[in-house]
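Examination of the molecular architecture
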Amino acid sequence: MTRMKQTITCLIVILALLSSCGTDDTPVSNKEIFEIRTIGTLSTSEYTVGKIIKLNDEGEWYHWGDRKILISCKAKIKAGVNLNNLKAEDIKVTGKKIEIQLPPAEIISFEMNPDQIKTEMVDVSGFRGGFSQQEKNKILRLGEKSIREDMKELNILNDAETNAIVFLTDFYKNLGFEEIIIHGTKQDKRTTNIDR
Amino acid sequence: MVRNKISELRILIVRLAIIAVIVIVGYIIYQRYFADHSGDDYAIEDTPLHVEEIRKIVELNTIKFRDEVVVDSLELYKTTAEQIQGNLEKLMDPDQAKHGITSSNVKRRLTMVVKGELLYGIDLKRKDFTVIPKDGKLVISLPNPELLSINLTPKNTDIFVENGTWKDYERQLLMRKARTKMIASGEKLRLKEKAKVPLERLLKQLIRSTQPIVIEYY
């Protein structure tokens, strides 16, 4: 029995010594992939929202114990209108009167600042291991998805449209127009895409 | 005769039990060390969204820059003895065993692929703009374009390699590095300057004046 243990230990050490020559320290490439696009969006409303992401991982039957994690995060969402969608027939000028049909309000940007993501609590019991960064990123993705879903309930698009109307009214007043009529878009004609 | 049959039956039951134990232990070992626990089946609890701040802004975005960068943090073993010990320790840890088995000289490595979106344009809330008719022309004075938003999200972040144990602040440091790299790429491509052309086109489209339009930056 003792002999067998010695043999196994020797084998492990030899294996470790043999493979210790292996290297895996290739530096990452600095090659970057990018895309530049011309846009014309007017952001008029910014919401900062917070969410607590709660996960209770009870695991499978062969994992004794469970894991719990609470992560707090913040997201900054900007909404506004895409002025590039303004067609020639959307702006009607008659003397000192201007009438505009505004494009529908939409989400312009969505940011989750990594510095505002904080693991508040981790509880691991039994034979379970802690959460790796890969797992935390997956949990954060679920949190992001949940925020994007909840965003539909916010008033951000209405606010963005109202603020855009206020801004454009002032803008055209500065240009010397006396009568400014700006039409918004009905809610059911707005884009439902929240995946910005 | 009957005794023999009972004895054979017992042996059969014992063998079947041994096979069952081997199968169960094998399955547990497979699940513990080799199965993919990528967390795809996680389900988070439904928690309310808190609106912390609502701000009225006026930002004209004219350039959208999408970038993808690779950021990496690497620590190597200093000596062979440290490498052997480190790799043996990794072999003992089910979460790190796959990195220990190759017994490389890498002590810890975290490699991330981060996709981001940068928006350039002008902030008309913070800085004023003026429209003045002058010598038969319409002179618009605007602030210089700047970087207005940097959108980084977990959805667009991939942890490509995670060897060893990493803390949250270390991941955040890498994210900051990715952000800095993206800003540097934007600077290199002179995107603030490039944001002027679409901005001028957009303003001309909005203004619809018969007078020639002159745009100045301050």
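**Overview of the nonpolar core**
F171(A), Y172(A), L60(B) and L142(B) are the most contacted members of the largest nonpolar core, which has 59 residues in total. With residues up to four places along the chain from it excluded, the contact list for L60(B) reads T41(A), L42(A), L83(A), Y120(B), G121(B), I122(B), L124(B), L148(B), L199(B), L202(B) and L203(B). Grouped together as the second largest cluster of nonpolar side chains are 20 residues, L110(B), V114(B), M182(B) and L191(B) included.

**Thoughts on the pairing of strand 7 (residues 179–183) of chain A**
All names here are of chain A. What you see with strand 7 is a clean split: I180 and I182 sit on the buried side and E179, I181 and H183 on the side with no burial. As judged from the five bridges shared by strand 4 (residues 97–101) and strand 7, these two strands associate in the parallel manner. By the bridge assignment, Q101 is partnered in strand 7 with H183.

**Quick notes on the pairing of strand 4 (residues 137–142) of chain B**
All names here are of chain B. The element strand 4 is largely enclosed, with a buried count of five among its six residues. In the sheet, strand 3 (residues 130–134) pairs with strand 4 via five bridges, with the strands oriented antiparallel. Paired with I132 across the bridge in strand 4 is V139. With five bridges joining them, strand 4 and strand 7 (residues 213–217) adopt parallel strand pairing. Bridged to I140 within strand 7 is I215.

**Focus on a nonpolar patch on the surface**
A cluster of nonpolar side chains, L9(B), L12(B), I13(B), L16(B), I19(B) and V23(B), forms an exposed patch at the surface whose accessible area comes to about 590 Å². In this structure, L16(B) sits in helix 1 (residues 2–34).

**Digging into the interface of chain B and chain A**
Tallying the contact residues gives 89 residues for chain B and 94 residues for chain A. Taking both partners together, chain B and chain A bury about 8,300 Å²; carbon and sulfur atoms supply 54% of that area. Among the residues chain B hides against chain A, the three largest losses belong to Y42(B), I44(B) and L49(B). Together they make up 10% of the total. Among the salt bridges present, the one from R141(A) reaches D158(B), with a minimum N-O distance of 2.8 Å. Where chain B meets chain A, there are 38 residue pairs in polar contact (both at pLDDT 80 or more). Of all the secondary structure elements, the ones that give two or more residues to the side of chain B that touches chain A are helix 1, strand 1 (50–76), helix 2 (80–92), strand 2 (106–123), strand 5 (146–151), strand 6 (157–163), helix 4 (168–188) and helix 6 (196–207) of chain B. If you tally residues by element for the side of chain B that touches chain A, the top one is strand 1 of chain B, at 24 residues. Residue composition of the side of chain B that touches chain A, by class: 40 nonpolar, 22 polar and 27 charged.

What counts, and at which threshold
- Residues numbered from 1 in each chain as written.
- Chains lettered and ligands numbered in written order.
- Predicted model: local features only at pLDDT ≥ 70, side-chain atom pairs only at ≥ 80, totals over all residues.
- Heavy atoms only, no water.
- Core = buried A, V, L, I, M, F, W, Y, C linked by side-chain atoms within 4.5 Å.
- Buried < 20%, exposed > 50% of the residue type's maximum accessible area, 1.4 Å probe, protein only.
- Contact = heavy atoms within 4.5 Å.
- Helix = DSSP H or I, 4+ residues; strand = E, 2+ residues; numbered from the N terminus.
- Pairing = 2+ DSSP bridges.
- Patch = residues over 30% accessible without salt bridge, like charges linked within 9 Å, V, L, I, M, F, W, Y side chains within 5 Å.
- Areas by Shrake-Rupley, 256 points an atom, 1.4 Å probe, with all protein chains shown as cover.
- Salt bridge = Lys/Arg side-chain N within 4 Å of Asp/Glu carboxyl O.
- Buried area = accessible area lost by both parts, 1.4 Å probe.
- Polar contact = N/O pair within 3.5 Å; in protein donor to acceptor, adjacent residues only side chain to side chain.
- Nonpolar A, V, L, I, M, F, W, Y, C, P; charged D, E, K, R; others polar.

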